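# A look at the structure
Each chain, letter by letter, is given below.
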Amino acid sequence: MSCRSKFNFLSSCNALRCLVTRNRRQKWLTHRGRSFCTASEENSTSQDRRSNTTTIDDEELKRFSKLAQAWWNENGEYIALHTLNELRVPFIRDALLAKKRGDQISHSRKILEGFSILDVGCGGGLLSEPLSRLGATVTGLDALPDNIQTARLHKSHDPTLRNNLQYTCSTIEEHASSHEHQNSFDAVVCSEVLEHVNNQDEFVSCCCKITKPGGSLIFTTVNKTPLSYALGIVMAERVLKLVPQGTHDWMKFVDPHDLRYMLDKNDVPTRLVHGMTYNPLIHKWSWISNTSINYLLHAMKPETV
């Protein structure tokens, strides 16, 4: 990208930030410092969410169904998820290895051998496969049959994944309702999923149920702030077209305080919240202290529950 293009991109970001701040005709209100919709919009959304009896959003399924064949195009719509593996795979690896003593850690390529991981909302398997290659026994869970079909097809090209990676087409609440799945995973990972589901309280509760005592819950998602709307929706979807328009619904973005509260209600304390940032010019993610847009949250279920 030329210097002029970079300058135009940065200028657009700055202008958009000013627009969000100055445009008083937009009736943004602050609700406990976190919600910025008008009162009528907030009431309408709350009523819609209370009426949901499932975590599945049919409109989200339709949207992702159209992109089911694009998961493994590293330069396509999911390029940001491909590059996000540079952060999330090492973090998940280190979170699990922290449970072992130094003399218990394998020095082979299968460093996660013996650990079980559930990848909730696995899509085409972008995260499930690299975790499986590290030796973990991985279950990829997704409610969309087209995603599972894509994931299984891609898995079939690598015979080394045959024994420790499986894909299941199901919802998280269906999976958690089975007694055999409760308290069964060393780690439950929900990466870029929470902002696409209905009934987020129920979703988080189900994730807690199927995590082993002493196990980890790891979320990556998007904070609910004016800046996340400006950059995550307006700039990313409408201006730069980094992802298809309509991919995100700002009303479903989750403040980390709210996510911590959902986990606390299930007696699962949060261990760490860390900000992440994506540079679309070089397609690279980095850790940052600021959590106003993207963030990772790591929680651990107590050993005794």
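Everything numeric in this text was worked out from a predicted model, so none of it was measured.

Reading the values: rules and limits
- Residues numbered from 1 in each chain as written.
- Predicted model: local features only at pLDDT ≥ 70, side-chain atom pairs only at ≥ 80, totals over all residues.
- Heavy atoms only, no water.
- Buried < 20%, exposed > 50% of the residue type's maximum accessible area, 1.4 Å probe, protein only.
- Helix = DSSP H or I, 4+ residues; strand = E, 2+ residues; numbered from the N terminus.
- Arc of directions from axis to C-beta.
- Contact = heavy atoms within 4.5 Å.
- Core = buried A, V, L, I, M, F, W, Y, C linked by side-chain atoms within 4.5 Å.
- Right-handed = clockwise from strand over helix to strand, strands pointing away.
- Pairing = 2+ DSSP bridges.
- Salt bridge = Lys/Arg side-chain N within 4 Å of Asp/Glu carboxyl O.
- pLDDT = per-residue confidence, 0-100.
- Phe/Tyr/Trp six-rings, centres within 6.5 Å; stacked < 30°, edge-to-face > 60°.
- Lys NZ or Arg CZ within 6 Å of the ring centre and 35° of its normal.

### A word on helix α10 (residues 256-264)
Of all the positions in α10, only P256, L259, M262 and L263 are classed as buried. Seen along its axis, α10 keeps its buried residues to an arc of 115 degrees; they face one direction. For α10, the exposed residues set more than 90 degrees away from the buried face come down to H257 and Y261. The inward-facing, buried residues of α10 abut α8 (200-209), β5 (211-222), β6 (270-279) and β8 (294-300).

### What about the nonpolar core?
Counting 40 residues, the largest nonpolar core has Y78, I92, L96, L112, I117, L131 and W285 as the members making the most contacts within it. Looking at this core, the elements that each hand over two or more residues are α4 (79-97), α6 (145-155), β3 (165-169), β4 (185-191) and β6. Those residues in contact with I92 that sit more than four places away from it in its chain are I117, L127, L131, V189 and I218. Counting 27 residues, the second largest nonpolar core, distinct from the first, contains V188, V204, C207 and F219.

### Concerning the pairing of β5
Taken across its 12 residues, β5 has 10 buried, putting it largely inside the fold. Chirality of the crossover, the property in question, places the unit of β4, α8 and β5 among those that are right-handed. Sheet analysis places β5 next to β8, joined by seven bridges and oriented antiparallel. In the strand pairing of β8, V222 is matched with N294.

### Some thoughts on α8
It helps to recall that an α-helix has 3.6 residues per turn; residues three or four apart then point in one direction. Within α8, seven of the 10 residues are buried, leaving the element largely enclosed by the surrounding structure. Within the sequence span of α8, burial applies to Q200, F203, V204, S205, C206, C207 and C208. Looking at the buried residues of α8, the elements they touch are β1 (116-120), α7 (172-177), β4, β5 and α10.

### Remarks on the environment of P226
Structurally, P226 is set in helix α9 (residues 226-239). Taking relative accessible area as the criterion, P226 reaches 24% and is therefore assigned partly exposed. For P226 and S292, which are 66 residues apart along the polypeptide, the C-alpha to C-alpha distance reads 8.8 Å.

### As for the pattern of salt bridges
Should their charged atoms come close, side chains of opposite charge can pair. Overall, the coordinates contain seven salt bridges when judged by the stated rule. With a shortest N-O distance of 2.3 Å, D57 and K252 are connected by a salt bridge. Here D57, found in the loop between α2 (39-50) and α3 (58-65), pairs with K252, found in the loop between α9 and α10; they are 195 residues apart in sequence, far enough to count as distant. Summarising the burial analysis for this pair, D57 and K252 share the class buried.

### Describing unusual backbone geometry
Here the phi dihedral of E192 falls at roughly 60 degrees; this positive angle occurs in a residue that is not glycine. Mapped onto the fold, E192 is located in the loop between β4 and α8. Classification of E192 by relative accessible area gives buried; the value is 15%. Its identity as a non-glycine residue notwithstanding, H283 has a phi of 55 degrees, on the positive side. Along the polypeptide, H283 turns up in the loop between β6 and β7 (284-288). H283 sits in the partly exposed class, given a relative accessible area of 32%.

### Quick look at the confidence of the model for the protein
The predicted model of the protein has a mean per-residue pLDDT of 83, with 80% of residues at 70 or higher. In this model residues 1-51 is a low-confidence stretch, pLDDT under 50, and it forms 46 contacts with partners more than four residues away in sequence or in other chains.

### Quick look at the environment of I172
Here I172 shows up in helix α7. Taking relative accessible area as the criterion, I172 reaches 3% and is therefore assigned buried. In the structure, I172 is positioned 52 residues away from V120 in sequence and 7.2 Å away in space, judged by C-alpha atoms. Aside from chain neighbours lying at most four places away, what touches I172 is T55, L118, V120, L141, F203, C206, C207 and I210.

### What to know about the packing of aromatic side chains
Summed over the entire model, instances satisfying the criterion amount to four aromatic pairs. Here the aromatic rings of Y229 and W250 are separated by 6.2 Å at their centres, their planes lie at 90 degrees, and the arrangement is edge-to-face. Within this pair, whereas Y229 is found in helix α9, its partner W250 is found in the loop between α9 and α10, the two being separated by 21 residues in sequence. Accessibility expressed as a relative area gives 22% for Y229, which makes it partly exposed. With relative accessibility at 6%, the residue W250 sits in the buried group. Here the aromatic rings of Y278 and W285 are separated by 5.0 Å at their centres, their planes lie at 35 degrees, and the arrangement is tilted. With a relative accessible area of 18%, Y278 lands in the buried category. The class for W285 is buried, based on a relative accessible area of 7%. Across from the ring centre of W250, 5.2 Å away, lies the NZ or CZ of K224, which sits over that ring.

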